[in-house]
There are 4 protein chains.
Amino acid sequence: MQTKIPVGILGATGIVGQRFIQMLEHHPWFEVAWLAASDRSEGREYGDAARWRLKTAIPARVARMQVSPAKPEGAPTVVFAALDASIAAELEPRFAEAGCAVITNSSALRMTKDVPLVIPEVNPDHLKLIECQSWKRKSGGFVVTNSNCSAMGLVLALAPLHKRFGIEAVMAVTMQAVSGAGYPGVASLDILGNVIPYIAKEEEKMEEETRKLLGTLNGAGIVPAPFKMSAQCNRVAVEDGTSTGCSDGINRVRSRCAGIAR
Amino acid sequence: MQTKIPVGILGATGIVGQRFIQMLEHHPWFEVAWLAASDRSEGREYGDAARWRLKTAIPARVARMQVSPAKPEGAPTVVFAALDASIAAELEPRFAEAGCAVITNSSALRMTKDVPLVIPEVNPDHLKLIECQSWKRKSGGFVVTNSNCSAMGLVLALAPLHKRFGIEAVMAVTMQAVSGAGYPGVASLDILGNVIPYIAKEEEKMEEETRKLLGTLNGAGIVPAPFKMSAQCNRVAVEDGTSTGCSDGINRVRSRCAGIAR
Amino acid sequence: MQTKIPVGILGATGIVGQRFIQMLEHHPWFEVAWLAASDRSEGREYGDAARWRLKTAIPARVARMQVSPAKPEGAPTVVFAALDASIAAELEPRFAEAGCAVITNSSALRMTKDVPLVIPEVNPDHLKLIECQSWKRKSGGFVVTNSNCSAMGLVLALAPLHKRFGIEAVMAVTMQAVSGAGYPGVASLDILGNVIPYIAKEEEKMEEETRKLLGTLNGAGIVPAPFKMSAQCNRVAVEDGTSTGCSDGINRVRSRCAGIAR
Amino acid sequence: MQTKIPVGILGATGIVGQRFIQMLEHHPWFEVAWLAASDRSEGREYGDAARWRLKTAIPARVARMQVSPAKPEGAPTVVFAALDASIAAELEPRFAEAGCAVITNSSALRMTKDVPLVIPEVNPDHLKLIECQSWKRKSGGFVVTNSNCSAMGLVLALAPLHKRFGIEAVMAVTMQAVSGAGYPGVASLDILGNVIPYIAKEEEKMEEETRKLLGTLNGAGIVPAPFKMSAQCNRVAVEDGTSTGCSDGINRVRSRCAGIAR
């Protein structure tokens, strides 16, 4: 019987951090060995520090773990990151520099030139970009990002079409659950009896990430797929749900992508 | 001081019939002079026969009018029709044959070859089609239709673009209020916490009506605008609202129509 | 290893019938052996006849069973009934007369003098009423009813108070999910952005059933608990949920029962 | 033609302040002559400082008025106050001390011994309490409060019953719209598909204010009505609405108050 690989979770007390803990609980390869969060939680038992919001119980072993400071010292080699974008922009490079393999759910570095943005079923070859990262050469550390959850479902559907036929243009419209905005997130006065035709930065993310995900790797970076794209993102009065293509599992996105044959 | 033109309302007890009454109450040209509905209401006072659902009060004069049978005998020359499509398909031609000018909100005859489908701001020239109607030649009667409410808002936006630049393809996505499905309409179990990505016949109507509305008149009919179109219609958990481009005033449609410059 | 008791389900294709099948799937004592429904389903395979609406899969063995006519011939001795009240009023006595033990979720016979209305944790002694039923004496058959789901949760809370202190008066207010009205049930136009302060017959049921459930058995019937009671039942824009005190598991009731100490 | 009475609005930029402006726009007696708000708005034109959220247009004259600091200097004699409770507790006494007649929507001083809590249709005689206020004797200023909006509707219904029969006990349950929590207020994740059985301080306010409103005036204060009361306040997924008994007009409360005859 083999030993599992110890992994850390950066931003462990937030809702995405909790999802990491939930999904790794019975994982055959990985075992949560280190939890880090903000100063407020540092030094406390995880079960006290986190306001657990998931329907499955908090794993007993994890609840008793002590929350570490969000610093690379003491972190295991593999770190799953679940930080807000603004904090991620600062901390993720620091962990990579210290030699960590940072796999992140944050949008901070997704569009960075030598950082791979990966959906394993779609563009695993982009992982070669890791070799271009200066962190990799110096310390062995690196950063890999996943995509915006709205882009994820869309790209899974577009990838085989793109491969077989080539795509000229994409128009995508989403209707997204309020859970995607976090908590407290969307005010009830804004969404009851309403549709909000705007989600900050979501349309930009969908447009640029879709093209990077379907792009081609050359020497030092990704050449984005050359098609035109227009994304329209709407918030609807739907609580939440399971979304097939969504790594955090809390944001139901309904993408409509209609084709026009030529 | 001029006399107003007497008009009739066919299907006067339904919600669309009520809207006609409401909107004609202080009309400078027209005066409601005849109300017709199904056998169930025939012979009763309108105020008793109709279950008035609008927020403004039922006009006192109209409330005391007697409901006539839905037959052309006794109807005035101008008739606004607010019947369900299946009944309209049978009754509207009968009224036209008897010499009535039938202006209808129903979808029954919208795509009929010699029946104009008109948005006055967009294609008033299509009214010339009236001259091709056999009813017109025989009795002077005719039928004019308005469009599906989702098509209406879209076409008002597309028309100047089509005129100035020409349109190659249209992809439209709607999020429509439950009021558009009438009463009882959408079951609450289906729409609470949900989006329903299907409205029966709505996508077909949007696609074919948009092309007819933007089409060009030739001899005996309309040549549809030649662009490709894909409509995606969704029902969302929104009660109702005022829609600028919607003649019945009870169905808030949110159309998103994004353009991709070439 | 013992043989399980074969049971029948009357009204098996409806949503409550489906719940019976779901909850009996791995039952240690009972095994579904007979399914009956209306003429429309009779003779068909259950998997075809029922429009399965539950989240757990339809049990494979049950899906292949043939639906029997809703007649006592061929029914096993124990029958769980899930019929609409109007049909139950006619069929349940017929099954009891034929010797069946009918345990029913319907309201039809709940208030019948010699029919026990039972919450097992509260008034199991009321089951002695079975002996008073004429069916019992003739054929051995009988009818036992469960309570309205709003009464159920309330009575579980009231029972120990009633036993220890006695109750003078009860005022109960409920906020009930739309699932309780079945499908299509509540129209979305009625409940979106609204509370409906009326559920047909629900207040009457809560008031009379609560008093019967907490009543005392004497010779030939139940003397209702002597307190006064006022129930106010409201429908709210909540889909559905698991309700602890609700046997059908599909109707989340939130009862508020506030006490005033004297 | 008479001159209107100049009035000031304290807390003019908030939603309740906006309602005061809206409702005073065509008032036959009063004219808005002074607007005060927090430091952030001070010195700016009201039209710039306020994020106007009402459906009627901001009155043009008011939009051009300059926002004054929230200090008694320069305020007119009559001041309508629309401050948050914590700020009102500090500022309202200061304005009264300076000689202003402060009529307030805040809960800060409602239960203060010599401050009248008044519903004009119910207890106008309580206004005599004004004479007991030390501010009155010194500067002529005073404070009068209105009630919690949930108490208001309830008390209008209870008052005649209390007068004619006397009330022994009251149990009230409310279902309140999210607008009552202000903006952003209730998180959509908390209320979609849900009922929240708690509104901070609302039950306490309803209970104590109802008894004060129906209390009797004696020498130096109000003897609360002697009945027992239990209030249960719930938040439901309803946006907002016009509530007959609710002075701010933005919070639809549905009170259920059921009686039990003895």
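Residues numbered from 1 in each chain as written. Chains lettered and ligands numbered in written order. Predicted model: local features only at pLDDT ≥ 70, side-chain atom pairs only at ≥ 80, totals over all residues. Heavy atoms only, no water.

Draft legend 1. Representation of the overall build of chain A within the structure. Assigned secondary structure in chain A consists of 8 helices and 11 strands. The C-alpha radius of gyration computed for chain A amounts to 19 Å, which stays within 12% of the reference 18 Å derived for 262 residues, consistent with globular compactness. Principal axes of the C-alpha set define a box for chain A whose edges measure 60 × 50 × 35 Å. Scored against the burial criterion, the 262 residues of chain A give a buried share of 53%. Of the roughly 12400 Å² of accessible surface on chain A, a fraction of 54% belongs to carbon and sulfur atoms. Of note, chain A has its 29 positive side-chain charges centred 4 Å away from the centre of its 26 negative side-chain charges. (Helix = DSSP H or I, 4+ residues; strand = E, 2+ residues; numbered from the N terminus. Rg over C-alpha atoms; globule rule 2.2 N^0.38 Å. Buried < 20%, exposed > 50% of the residue type's maximum accessible area, 1.4 Å probe, protein only. Areas by Shrake-Rupley, 256 points an atom, 1.4 Å probe, with all protein chains shown as cover. Lys, Arg positive; Asp, Glu negative; His and termini not counted. Charge placed at Lys NZ, Arg CZ, Asp CG, Glu CD.)

Draft legend 2. A look at the environment of Ala237(D). For Ala237(D), the location among the structural elements is in the loop between strand S10 (228-235) and strand S11 (253-256). Judged by its relative accessible area of 11%, Ala237(D) is buried. Contacts of Ala237(D), omitting those with residues within four sequence positions, involve Leu192(A), Gly193(C), Ile191(D) and Asn194(D). (Contact = heavy atoms within 4.5 Å.)

Draft legend 3. Molecular detail of the pairing of strand S10 (residues 228-235) of chain B. Residue and element names in this part refer to chain B. Across the 8 residues of S10, 7 count as buried, placing the element largely inside the fold. Where strand S7 (residues 169-176) meets S10, 8 bridges bridge the pair, whose relative direction is parallel. When the bridges of S10 are listed, Met175 appears paired with Asn234. (Pairing = 2+ DSSP bridges.)

Draft legend 4. Looking closely at the sheet that holds strand S3 (residues 67-69) of chain B. Residues and elements named next belong to chain B. Pairing within the open sheet is parallel, and its 6 strands lie in the order S3-S2-S1-S4-S5-S6. Only two strands of the sheet have a single neighbouring strand rather than two, namely S3 and strand S6 (142-145). If you compare each strand with its neighbour and ignore which way they point, the axes differ by 30° on average. In this sheet, S6 lies alongside strand S5 (residues 101-104) in parallel orientation, the contact comprising 4 bridges. Note on S6: the bridge partner recorded for Ala101 is Phe142. Across the sheet, helix H4 (residues 85-97) touches strand S1 (5-10), strand S2 (30-37), strand S4 (78-81), S5 and S6, and the angle it forms with S5 is around 150°. (Axes fitted to C-alpha atoms, helices over the stretch in contact; angles between N-to-C directions.)

Draft legend 5. Molecular detail of the pattern of salt bridges. Across all of its chains, the model carries 8 salt bridges over all chains by this definition. Glu209(B) is the partner of Arg110(B) in a salt bridge, and the nearest nitrogen-oxygen pair spans 2.9 Å. Placement of the pair is Arg110(B) in the loop between S5 and helix H5 (134-139) and Glu209(B) in helix H8 (residues 202-213), with a sequence separation of 99 residues. Taken as a pair, Arg110(B) and Glu209(B) share a single burial class, namely buried. Arg94(D) is paired through a salt bridge with Glu90(D); the nearest N and O atoms lie 2.7 Å apart. Here Glu90(D) and Arg94(D) lie together in helix H4 (residues 85-97), a separation of 4 residues that amounts to about one turn. Residue Arg94(D) is classed as partly exposed on the basis of its relative accessible area of 38%. Using a relative accessible area of 47% as the deciding quantity, one classes Glu90(D) as partly exposed. (Salt bridge = Lys/Arg side-chain N within 4 Å of Asp/Glu carboxyl O.)

Draft legend 6. Seen up close, empty space enclosed by the protein. Going through the model one piece at a time under the given rule, you end up with 4 cavities of 30 Å³ or more. In this structure, the largest cavity spans a volume of roughly 150 Å³. Leu192(A), Leu192(B), Leu192(C), Ala237(C) and Leu192(D) are, among the 18 residues lining the largest cavity, the residues nearest its centre. (1 Å grid on protein atoms, 1.4 Å probe; cavity = no way out; pocket = protein on both sides within 12 Å on 5 of 7 lines; lining within 4 Å. Points joined across faces, edges and corners; volume = space filled by probe spheres on them.)

Draft legend 7. Here's a closer look at the side chain of Thr145(B). All names here are of chain B. Relative to the helices and strands, Thr145 is located in strand S6. With relative accessibility at 2%, the residue Thr145 sits in the buried group. Separated by 2.9 Å, the side chain of Thr145 and the backbone oxygen of Pro116 make a polar contact. For Thr145, the contacting residues outside a window of four places in its chain are Thr104, Leu109, Arg110, Val115, Pro116, Leu117 and Val118. (Polar contact = N/O pair within 3.5 Å; in protein donor to acceptor, adjacent residues only side chain to side chain.)

Draft legend 8. Structural view of the packing of helix H6 (residues 149-164) of chain D against helix H8 (residues 202-213) of chain D. All names here are of chain D. Where H6 meets H8, the closest approach of the two axes is 9 Å, and the angle between their N-to-C directions is 35°. The element H6 and its partner H8 pack so that their crossing is right-handed. Judged by residue contacts, Ser150, Ala151, Leu154, Val155 and Leu158 of H6 engage Glu202, Met206, Glu209, Thr210 and Leu213 from H8. Per-class residue counts for the contact of H6 with H8 are 6 nonpolar, 2 polar and 2 charged. (Left-handed = near helix turned anticlockwise from the far one by under 90°. Nonpolar A, V, L, I, M, F, W, Y, C, P; charged D, E, K, R; others polar.)

Draft legend 9. Broad picture of the packing of aromatic side chains. What the rule picks out here adds up to 18 aromatic pairs over all chains. Plain terms: the ring middles of Phe20(B) and Phe80(B) are 5.3 Å apart, the flat faces sit at 20° to each other, and that makes the pair stacked. Taken together, the residues Phe20(B) in helix H1 (residues 15-24) and Phe80(B) in strand S4 connect sequence positions 60 residues apart. You can call Phe80(B) buried: its relative accessible area is 10%. One aromatic cluster in this structure is built from Phe20(A), Trp29(A), Phe30(A) and Phe80(A). The lysine or arginine in question, Arg53(A), covers the ring of Tyr183(A), its NZ or CZ lying 4.3 Å from the ring centre. (Phe/Tyr/Trp six-rings, centres within 6.5 Å; stacked < 30°, edge-to-face > 60°. Lys NZ or Arg CZ within 6 Å of the ring centre and 35° of its normal.)

Draft legend 10. Layout of the pairing of strand S5 (residues 101-104) of chain D. Residues and elements named next belong to chain D. With 4 bridges joining them, strand S4 (residues 78-81) and S5 adopt parallel strand pairing. Bridge pairing links Ala81 to Thr104 in S5. As for the winding sense of the linkage, the β-α-β connection from S4 through H4 to S5 is right-handed. (Right-handed = clockwise from strand over helix to strand, strands pointing away.)

Draft legend 11. Looking closely at the confidence of the model for chain A. All names here are of chain A. Scored by pLDDT, chain A comes out at a mean of 90, with 91% of its residues at no less than 70. Considering only residues more than four positions removed or in separate chains, one finds that residues 242-259, a stretch of pLDDT under 50, has 67 contacts. Confidence estimates for the predicted assembly give a pTM of 0.86 and an ipTM of 0.81. (pLDDT = per-residue confidence, 0-100.)

Draft legend 12. Molecular detail of the environment of Pro69(C). All names here are of chain C. With respect to the secondary-structure elements, Pro69 resides in strand S3 (residues 67-69). With 143 residues separating them in the primary sequence, Pro69 and Lys212 have C-alpha atoms 33 Å apart. Setting aside its immediate chain neighbours within four residues, Pro69 contacts Trp34, Ala36, Ala37 and Glu42.

Draft legend 13. The arrangement of H4(B) in detail. Residues and elements named next belong to chain B. For H4, which comprises 13 residues, the first-to-last C-alpha distance of 18 Å matches the rise-based estimate of 18 Å (1.5 Å per residue) to within 8%. Within H4, the axis deviates most sharply at Leu91, by approximately 25°, and proline Pro93 lies no more than four positions further along. Of the residues making up H4, those classed as buried are Ala88, Leu91, Glu92, Pro93, Phe95 and Ala96. Residues of H4 that are buried in the fold lie against S1, S2, S4, S5, H5 and S6. Gly99 lies just past H4 and shows a positive phi near 100°. (Expected span 1.5 Å × (residues − 1). Bend = angle between axes of the 7 residues up to and from the residue.)

Draft legend 14. Region of interest: the sheet that holds strand S2 (residues 30-37) of chain A. Residues and elements named next belong to chain A. Strand order in the open sheet formed by 6 strands is S3-S2-S1-S4-S5-S6, and the pairing between neighbours is parallel. Because the sheet does not close on itself, it has two edges, and the strands there are strand S3 (67-69) and strand S6 (142-145). Between one strand axis and the next, the sheet turns by 30° as a mean value, whatever way the strands run. Inspection of the sheet shows S2 paired to S3 by 3 bridges, in the parallel sense. Along S3, the bridge assignment pairs Ala36 with Ser68. Sitting on the sheet, helix H1 (residues 15-24) touches strand S1 (5-10), S2 and strand S4 (78-81), and the angle it makes with S1 is about 160°. Strands in contact with helix H4 (residues 85-97) are S1, S2, S4, strand S5 (101-104) and S6; relative to S5, the strand with the most contacts, it is inclined by about 150°.

Draft legend 15. Examining unusual backbone geometry more closely. In this model, Tyr183(A) is joined to Pro184(A) through a cis peptide bond whose omega is 0°. Topologically, Pro184(A) is positioned in the loop between strand S7 (169-176) and helix H7 (188-191). Despite not being glycine, Lys201(D) has its phi angle at roughly 70°, a positive value. Structurally, Lys201(D) can be placed in the loop between helix H7 (188-191) and H8. Taking the relative accessible area as the measure of exposure, Lys201(D) reaches 59% and is therefore exposed.

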